[in-house]
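# Reading the structure
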Amino acid sequence: MSILIKGGYIVDPENKLEGVYDILIDDGEIKKIEKDIDSEKCELIDGKGKYIFPGLVDMHCHLREPGREDEETLLSGSLSGIKGGFTTLCCMPNTKPPIDNQGIVEYIYNENKKIGLMDIFPVGAITKNLEGKELTEIGELKKAGVVAISDDGNCVMDSEVMRRAMEYSKMFDLLVISHCEDKNLSRGGLMNEGYLSSLLGLKGIPRQAEIVMVARDIELAKLTEAKLHIAHVSTKETVELIRQAKKRGIKVTAETCPHYFSLTEERILGYNTNCKVNPPLRTPEDIEAIKEGLRDGTIDVIATDHAPHADFEKDVEFEQASFGMIGLETALGIALKELIKTKIISLSQLVEKMSLNPAKILGLDKGSINIGKPADLIIVDLDKSWEVKREKIVSKSKNTPFLNWTLPGVIEYVFAKGKLVLNKN
Amino acid sequence: MLNWKHKDLLGLEELSKEEIELILETADSFKEISLRPIKKVPTLRGKTVVLFFFEPSTRTRTSFELAAKRLSADTVSISATTSSIVKGETLKDTAKNIEAMKVDIIVMRHSSSGAPHLLAKAVEASVINAGDGCHEHPTQALLDMFTIKEKKGRISGLKVSIIGDIAHSRVARSNIWGLTKLGAEVTVCGPPTLIPQGIEKFPVKVTYDVEEAIRDADVLNILRIQLERQKSNLFPSLREYALNFGIDAEKLKFAKPEVLIMHPGPINRGVEISPEVADGPYSVILEQVTNGLAVRMAVLYLVSQGGK
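Residues numbered from 1 in each chain as written. Chains lettered and ligands numbered in written order. Predicted model: local features only at pLDDT ≥ 70, side-chain atom pairs only at ≥ 80, totals over all residues. Heavy atoms only, no water.

## Quick notes on empty space enclosed by the protein
Note the threshold: Any residue with an atom within 4 Å of a point lines the site, the site being either a cavity, points on a 1 Å grid over the protein atoms alone where a 1.4 Å probe fits but cannot get out, or a pocket, an open set with protein on both sides within 12 Å along at least 5 of 7 lines. Grid points are joined across faces, edges and corners, and a volume is the space filled by probe spheres set on the points. Secondary structure counts use DSSP, requiring at least four H or I residues in a row for a helix and at least two E residues in a row for a strand, with both numbered from the N terminus. In this count, Pro and Cys sit with the nonpolar residues alongside Ala, Val, Leu, Ile, Met, Phe, Trp and Tyr, while Asp, Glu, Lys and Arg are called charged and the others, Gly among them, polar. How far each domain reaches was decided by an automatic or database domain assignment.
Per the counting criterion, the structure on display carries six cavities of 30 Å³ or more. Of the volumes computed, that of the largest cavity is approximately 90 Å³. Around the largest cavity, the lining is made up of 13 residues, and of these B:Arg59, B:Gln140, B:Leu143, B:Pro264 and B:Val289 lie nearest the centre. Sorting the residues of the lining of the largest cavity by element identifies α2 (59-70), α5 (138-152) and α12 (285-305) of chain B as the ones contributing at least two each. Here the residues of the lining of the largest cavity are counted per class, giving four nonpolar, seven polar and two charged. Roughly 70 Å³ of internal volume is contained in the second largest cavity. Taken together, A:Lys83, A:Ile326, A:Gly327, A:Leu328, A:Glu329, A:Thr330, A:Trp386, A:Val388, A:Lys389, A:Lys392, A:Ile393 and A:Thr400 make up the lining of the second largest cavity. Formed jointly, the lining of the second largest cavity draws a minimum of three residues from each of two domains, domain 1 (2-52 + 373-423) and domain 2 (55-362) of chain A.

## A few points about the layout of surface pockets
The space that makes up the second largest pocket amounts to roughly 530 Å³. Considering the residues around the second largest pocket, the lining is formed by 27 residues, among which A:His62, A:Arg64, A:Asn94, A:His309 and A:Phe323 are closest to the centre.

## Considerations on helix α11 (residues 331-340) of chain A
In an α-helix, one full turn covers 3.6 residues, which means residues spaced three or four apart are oriented alike. Definition in use: Type-normalised accessible area, obtained with a 1.4 Å probe on protein chains alone, sets the label of each residue: buried when under 20%, exposed when over 50%, and partly exposed for intermediate values.
Along α11(A), nine of the ten residues are buried, which leaves the element largely enclosed by surrounding structure. Of the positions making up α11(A), those classed as buried are A:Ala331, A:Leu332, A:Gly333, A:Ile334, A:Ala335, A:Leu336, A:Glu338, A:Leu339 and A:Ile340.

## Considering the confidence of the model for chain B
Put simply, the test is: Looking at any residue, its pLDDT shows the predictor's confidence there, from 0 to 100.
When pLDDT is averaged along chain B, the result is 94; 97% of the residues meet or exceed 70. Scored as a complex, the prediction yields pTM 0.95 and ipTM 0.94.

## Remarks on the domain arrangement of chain A
Residue and element names in this part refer to chain A. Operational definition: We call two residues in contact whenever any of their non-hydrogen atoms come within 4.5 Å of each other. Summed over both partners, the accessible surface that disappears when two parts come together, traced with a 1.4 Å probe, is what is meant by buried area. Criterion for a salt bridge: a side-chain nitrogen of Lys or Arg within 4 Å of a carboxyl oxygen of Asp or Glu.
Looking at the assigned domains, one finds that chain A contains domain 1 (2-52 + 373-423) and domain 2 (55-362). Once you take the C-alpha centre of each, domain 1 and domain 2 turn out to be 26 Å apart. Opposite the 37 residues of domain 1 that make contact, domain 2 presents 50 residues. Carbon and sulfur atoms make up 66% of the area that domain 1 and domain 2 hide from each other, which totals about 3400 Å². In this structure, the connection of domain 1 to domain 2 is made through three salt bridges. Put simply, Lys-360 and Glu-14 hold a salt bridge, and the shortest N to O gap is 3.7 Å.

## Notes on the side chain of A:Glu72
All names here are of chain A. Selection criterion: As used throughout, the charge tally considers Lys and Arg to be positive and Asp and Glu to be negative, leaving His and the chain termini uncounted. The term polar contact refers here to a pair of N or O atoms within 3.5 Å; inside protein, the definition further demands a hydrogen-donor-capable atom paired with an acceptor-capable atom, and it admits residues adjacent in sequence only when both atoms are side-chain atoms.
Mapped onto the secondary structure, Glu-72 falls in the loop between β6 (56-61) and α1 (74-83). One buried charged residue, Glu-72, remains without a salt bridge, the closest side chain of opposite sign being Lys-396 at 6.9 Å. Of the polar contacts made by the side chain of Glu-72, one reaches the side chain of Ser-76; its length is 2.6 Å. Not counting the four nearest positions on each side in its chain, Glu-72 is found in contact with Leu-63, Arg-64, Glu-65, Gly-77, His-306, Pro-308, Ser-395 and Lys-396.

Given below as structure tokens:
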């Protein structure tokens, strides 16, 4: 069966293609990208006035399987991702049990094969049981298919262990993703430290907990020449450290998340547990610096850090509430609202940060629209907007601070791995 | 006269000067009841007050219980160890169950900041915050202000120094909001490790010098030092704390002649306050406790009228 997408505006930075083209898809494979393709015998999708991006790639999400299938599964995560325009997900290793051995990696690949909606690539643990002590069998993890290693929420506190992990992973050309948090400085902390944490009587997490670890990991990347990726940048000082590191030629890349350029710590007033996230929401100056970092290329990637939690883990005392928020379904909308409508970055830059760059950093053959490849793209109407409603959330968990926000950009069609997996009709 | 409009009393930060004055005036009219031979009025007859305490408390809980009983309310006391919280039930579920028994007022003490706010949103009953984490302890600050007003005749223009662990103190926060709204000048004093971040945005002066805090002050409110703070290296030892910040007769030489010595209790004799100061002529520590009853009667009465 042939599908012709007629007259859509393609944004494909990898192929430096930006403009109105038709796309012919035959049997899931892209056959032609040209102006005015003959539409006979084709199923037609009217792309007029719509934008076509390569499928989005999320290099940082939590899918909770195995272990907390009540919060999310590979299936529900896939569906949530598709709703948000993602066609590739990388799931973090803090599952139960954690992704610290070949068996769990294979489990995820096998389960996802049965679902078959999109590619889900596991990120393996740096240390056994995410304890920061002994390295996992990194070579075997790589062979089993992990695309990066990270202890995610558990920053590797022992600098020697981190050094060896980076040094060792170099021979596999494996990316090390660091959640930068000095756990001694942040111990017991619940939100950004400052006036508001003092006002609310909540223990603060000083911004230095992130900054000192980013500085450490940059120096370890210099020492080991490993590929380092800084997860969820939240402070202006971190942006500057990464900017300088890149100038020094150190192999470092970085991501931020939609909530770090759209929400400040003030959202916590009233003890709003949906805004409890780690690293914590910061200040307006941090948001400005992060936007500038996105604009000038210091921050390469927008990832979601999609962290589903059951209601009973959020609808509790602030201190007891879990850290994290879901983000797959709102990421593109928040980015369009905060970065495109405000003209901070171009659409091409947005596609780089949400699709091409994460693919490149992880070495995935994704993030562009190529003839001869399976169709992996999304069609978005940027003139339409939608409202975030609890009952419309596809994720199993509903912990989002963006409820009732109106976001630009309605995703009308999603092609993943050659299949049409979302159709507005 | 101003009417009370709120369903709950969660903190003093969100109250206006007039609302705080209303509570103090109401407390003034209730104080006399506790001096009668028959210490009971029918004001809250038929109402049920639940005392929901997740932290050990003798003074505050007894004070609320007596206040409710003197207003003829029925009281039930639940503490964390006897409630189903230990069985894994969430706070909200427990609260909903209590509410299903048709109670009118829930007085809550909890170690987590914001817990009463969660409760207040979940239930229709009025919620009174009897201390939440490091956030607020409104009735303590109200009884402190009531005592100051009774002794000094006013609050506006007075200089009040709060000495001790400001960072972790709900008493300090509620006092800062209440006192400054009523026109007092507040100074906080303690080692820098016990002064909260962002203090410059609070309407207070800060000093690490206890002499400076004592000099010129009309009132010294001395906070309890928790032993566990030393274990997190917030100060080297209780001994060193007592040497630098413990208020004793020697340090009181810098004080104004009619200075009021206050302490929210329970006191650590010889740590933050020496026995001769705690029991001395300027101490109003026990009068604070007496006034606590009147203030809590006033708060129980007002919230039972509010939000209707």
